[in-house]
Amino acid sequence: MIDNALRKLGATQGRHPADYGATWVDHLAWGADSAFIAARLLFSGQYVGAAAVLRSQFERWTENAAYNAKITHMPGESTASFAARAWEKCHESFPSADRNKTHPPFHLSPDIASLDFWADERRISESKGPSVTIGKDYRVYPEESMTLLSEFLHGRGPFTDIFRWEASELLSGEPARLTECTQWLTDVLTLNLRQIRLCLATLAEERGDPNLARFLFALPELTYGGWEPPAPQSLFPLMPQTGLSDEILDGYRQATHDYDQVMLGRRPAGRLFRDDEMVRLLFYERRARAAKWAGSALDEEKSLLGDEFNLDGLTNRDVERVMCAEMAGLASVWLGDTPHGNAAAICSSALRSAHWLWLEDDDRSMALLRVALEQCARLKVWTNKPEKAQQLEESSSSTPKDWLNAAGWKRLSSLNRALGEFAHAHARIRLDGARDILKRIQPDGDSVNAIRTARGHALDGITSLIMTESSSALSTVSVTMQEEFQRITNEFFPDPGGIQSGLEGLLDRAMLLKNAPMGDYTFHGPARDAAARGGN
């Protein structure tokens, strides 16, 4: 229903799945595509990556719901409580909620400084809050969902066994709470898509197409999607040897053709597709677009570098990041089901997803680096200052900044600040300022191509941090394992002191940017959109 409406309302065909969109309809398309990006990570077992994507989307559509329901944040109110009130009010009569509004802007009030509550990363008290009914009688709880997202991405809460499983225990069978965790995350995904449908219905009505608005709600909100998951090859990372291989790309071309034919009302299979077939077709079309853009990026780099272009560099970075993620996962096994064991596990899982999304030119790779940076600091503090670590664990007011400071990484505050911008999708994010910090934090940050390598450099730096701290953490449990980890590290950094020298350089350059301005807010509404593109 959503894809059909997006086409009819003029969404850009062939768009990058991770593009925020320059118009309102393309921004809604970004929301729809993000659901499939999260689903791909869930199908791959990467629940930390999926949670990062879904949290930013949940923030985005919570603000949208709040604007439509005329809900404003109350002083001292938690993000989770605010989300609950916004969703309950906006959806109290779904799908007949009042949609006679102009496109909602990102900001909720003229005073954007009043929205500081999104930056509150302290531990949230547990509460289910009011519910929203999906379908006939299925209840979801936005307050509980927002709380769980925050806790999960900070390495806490009831589902720590899930990222431990993904990091090191995939061969041990599924953890007991995997189904419950999956249901919670898909509840969030469902709410996000529900709000996008309301926005599309509003847009259709404003364009004078009430039939399209009604069509969006023609099918049940919950329907059977089949048991067969997407083909494994559609989940592969977009490396030339795997997810961008000729065989996989040929399959994507066929899927894209079938998708286009279906959207035109035709029957490429000579019959109607079943619901489960449609689910996979919609999934493959998104993966086809992601692969197309990844291939275009490689072609652009080849054109830019000429004879100097060499895929070996990309392959070597892939091997290094895979090895680092495996080292952190193995460290979590030796450290056990403890706070520092959990920190190592989430480092492993977050780094893996960050690498996969980086290959797709998706900003949310940096959101996962923010998760990995905090957890790496947490791991370091537990290794070197266990009493301080215990205090931070027990405090309900601990933030990522506290862990970095305790780890002796106060110099990384600018990097943490930049990565934090990518971790969210609300009215106060400043992506241009964050990109500028990532660009300037490089050794050659003033070069003409520095912006092209900024995210990769950040990924390399945090990979080195995780590799170093995974090795150090094992000093308390197994000298032999620590020595083996050091041997592996030396394979990637053969020069004596090479990895430490590189990290010191990163710390020093980051410190020089501690007061770097962040610039203007990235998103704004129709009051500032004189080009009449439709408010977003």
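Residues numbered from 1 in each chain as written. Predicted model: local features only at pLDDT ≥ 70, side-chain atom pairs only at ≥ 80, totals over all residues. Heavy atoms only, no water.

Side note on the overall build of the protein chain
- When helices and strands are counted, the protein chain shows 20 helices and 2 strands.
- Whereas a compact globule of 536 residues would reach a radius of gyration of roughly 24 Å, the protein chain reaches 23 Å, a difference of no more than 12%.
- Taken over the C-alpha atoms alone, the protein chain extends approximately 70 × 55 × 50 Å along its principal axes.
- Expressed as a percentage of the 536 residues in the protein chain, the buried residues total 56%.
- Just so you have it, the protein chain exposes about 23,300 Å², and 52% of that area is on carbon and sulfur atoms.
- Of the charged side chains in the protein chain, 59 are positive and 73 negative, and the gap between their average positions amounts to 5 Å. (Helix = DSSP H or I, 4+ residues; strand = E, 2+ residues; numbered from the N terminus. Rg over C-alpha atoms; globule rule 2.2 N^0.38 Å. Buried < 20%, exposed > 50% of the residue type's maximum accessible area, 1.4 Å probe, protein only. Areas by Shrake-Rupley, 256 points an atom, 1.4 Å probe, with all protein chains shown as cover. Lys, Arg positive; Asp, Glu negative; His and termini not counted. Charge placed at Lys NZ, Arg CZ, Asp CG, Glu CD.)

What to know about the packing of helix α3 (residues 47–69) against helix α12 (residues 339–358)
- Between α3 and α12, the shortest axis-to-axis distance is 8 Å and the interhelical angle comes to 65°. Crossing angle aside, the handedness with which α3 passes α12 is right-handed. Between α3 and α12, the residues in contact are V48, G49 and V53 and I346, S349, A350, S353 and L357, respectively.
- Residue composition of the contact of α3 with α12, grouped by class: 5 nonpolar, 3 polar and no charged. (Axes fitted to C-alpha atoms, helices over the stretch in contact; angles between N-to-C directions. Left-handed = near helix turned anticlockwise from the far one by under 90°. Contact = heavy atoms within 4.5 Å. Nonpolar A, V, L, I, M, F, W, Y, C, P; charged D, E, K, R; others polar.)

Points about the packing of aromatic side chains
- Considering all chains together, one arrives at 10 aromatic pairs under this definition.
- Where F152 meets W184, the ring centres are 5.8 Å apart and the plane angle is 80°; that geometry is what we call edge-to-face. Taken together, the positions of F152 in helix α5 (residues 142–153) and W184 in helix α7 (residues 178–206) put the pair 32 residues apart, joining distant regions of the chain.
- For F152, a relative accessible area of 1% corresponds to the buried category.
- Residue classification places W184 among the buried residues on the basis of a relative accessible area of 5%.
- Aromatic pair F159 and W184: ring centres 5.4 Å apart, planes at 10°, arrangement stacked. (Phe/Tyr/Trp six-rings, centres within 6.5 Å; stacked < 30°, edge-to-face > 60°.)

So, the pattern of salt bridges
- Inspection of every chain in the model, using the stated rule, returns 35 salt bridges.
- The closest approach of N and O atoms between E326 and R352, which form a salt bridge, is 3.5 Å. Residue E326 is located in helix α11 (residues 312–335), and its partner R352 is located in helix α12; the two are separated by 26 residues in the primary sequence.
- Each of the salt bridges in this network shares a partner with another, and the network as a whole consists of D3, R15, D33, E285, R286 and R289. (Salt bridge = Lys/Arg side-chain N within 4 Å of Asp/Glu carboxyl O.)

Notes on the packing of α3 against α7
- In the contact formed by α3 and α7, the axes pass within 9 Å of each other and the chain directions differ by 35°. Considering how the two elements wind past one another, α3 and α7 form a crossing that is left-handed. Contact residues: Y47, A51, L54, Q57, F58, W61, N64, A65 and N68 in α3; L178, C181, T182, L185, V188, L189, L191, N192, Q195, I196 and C199 in α7.
- Looking at the contact of α3 with α7 residue by residue, the class counts come to 14 nonpolar, 6 polar and no charged.

Regarding a nonpolar patch on the surface
- The grouping of L330, V333, W334 and V477 at the surface amounts to a nonpolar patch, some 330 Å² of accessible area in total.
- For V333, the location among the structural elements is in helix α11. (Patch = residues over 30% accessible without salt bridge, like charges linked within 9 Å, V, L, I, M, F, W, Y side chains within 5 Å.)

Digging into the environment of A218
- With respect to the element layout, A218 can be found in the loop between α8 (210–215) and α9 (246–263).
- Separated by 150 residues in the primary sequence, A218 and N68 have C-alpha atoms spaced 23 Å apart.

Re the state of the cysteines
- Counted under the stated rule, the structure contains 0 disulfides.
- No disulfide involves C181; its nearest neighbouring cysteine sulfur is the one of C347, lying 18 Å away.
- A relative accessible area of 0% places C181 in the buried class.
- Cysteine C199 is unpaired, with the sulfur of C90 as its nearest cysteine sulfur at 8.1 Å. (Disulfide = S-S within 2.5 Å.)

Quick word on the side chain of E421
- Residue position: E421 is located in helix α16 (residues 413–422).
- Here E421 sits buried without a salt bridge, and the closest side chain of opposite charge, R430, lies 5.6 Å off (N-O distance).
- Polar contacts involving the side chain of E421 include one to the main-chain amide nitrogen of R430, which spans 2.6 Å.
- Not counting chain neighbours up to four residues away, the residues in contact with E421 comprise R428, I429, R430, L431, A434 and M518. (Polar contact = N/O pair within 3.5 Å; in protein donor to acceptor, adjacent residues only side chain to side chain.)

What to know about the confidence of the model for the protein chain
- Residues of the protein chain with pLDDT of at least 70 account for 92%, and the chain-wide mean is 90.
- This model gives residues 102–113 a pLDDT under 50, and the stretch forms 43 contacts once residues within four places in sequence are excluded.
- Overall, residues 526–536 carries pLDDT values under 50, and its contacts beyond four positions in sequence, including any with other chains, amount to 24 contacts. (pLDDT = per-residue confidence, 0-100.)

Side note on helix α4 (residues 79–90)
- Compared with an ideal rise of 1.5 Å per residue, which puts 12 residues at 16 Å, α4 spans 16 Å between its outermost C-alpha atoms and is within 8% of the ideal.
- Among the residues making up α4, those that are buried are T79, A80, F82, A83, A84, A86, W87 and C90. (Expected span 1.5 Å × (residues − 1).)

A few points about the environment of R487
- Note on placement: R487 falls in helix α19 (residues 479–492).
- Of the polar contacts made by the side chain of R487, one reaches the side chain of E484; its length is 3.1 Å.

Thoughts on the nonpolar core
- Within the largest apolar cluster, 149 residues are counted, with the highest numbers of intra-cluster contacts made by W409 and L412.
- Considering every element that reaches this core, the biggest residue donor is α7, with 14 residues.
- What L412 contacts, discounting residues up to four positions off in sequence, is L373, L404, L465, L506, L507 and A510.
- Grouped together as the second largest cluster of nonpolar side chains are 9 residues, F36, L281, L282 and Y284 included. (Core = buried A, V, L, I, M, F, W, Y, C linked by side-chain atoms within 4.5 Å.)

Digging into α9
- Here α9 spans 26 Å end to end across 18 residues, near enough to the 26 Å set by a 1.5 Å rise per residue.
- The set of residues buried in α9 consists of I248, Y252, A255, D258, Y259, Q261 and M263.
- Residues of α9 that are buried make contact with α1 (2–8) and α10 (275–305).
- Looking one or two residues beyond α9, the residue adopting positive phi is G265, at roughly 85°.

Remarks on unusual backbone geometry
- Along the chain, F94 connects to P95 via a cis peptide bond; the corresponding omega equals 0°.
- Looking at the element boundaries, P95 is found in the loop between α4 and β1 (132–134).
- A positive phi is found at K70, a non-glycine position, where the angle reads about 60°.
- On the secondary structure map, K70 appears in the loop between α3 and α4.
- The phi dihedral of D361 falls on the positive side, at around 60°, and the residue is not glycine.
- Inspection of the secondary structure puts D361 in the loop between α12 and α13 (364–384).
- Take D361: its relative accessible area is 42%, and that puts it in the partly exposed class.

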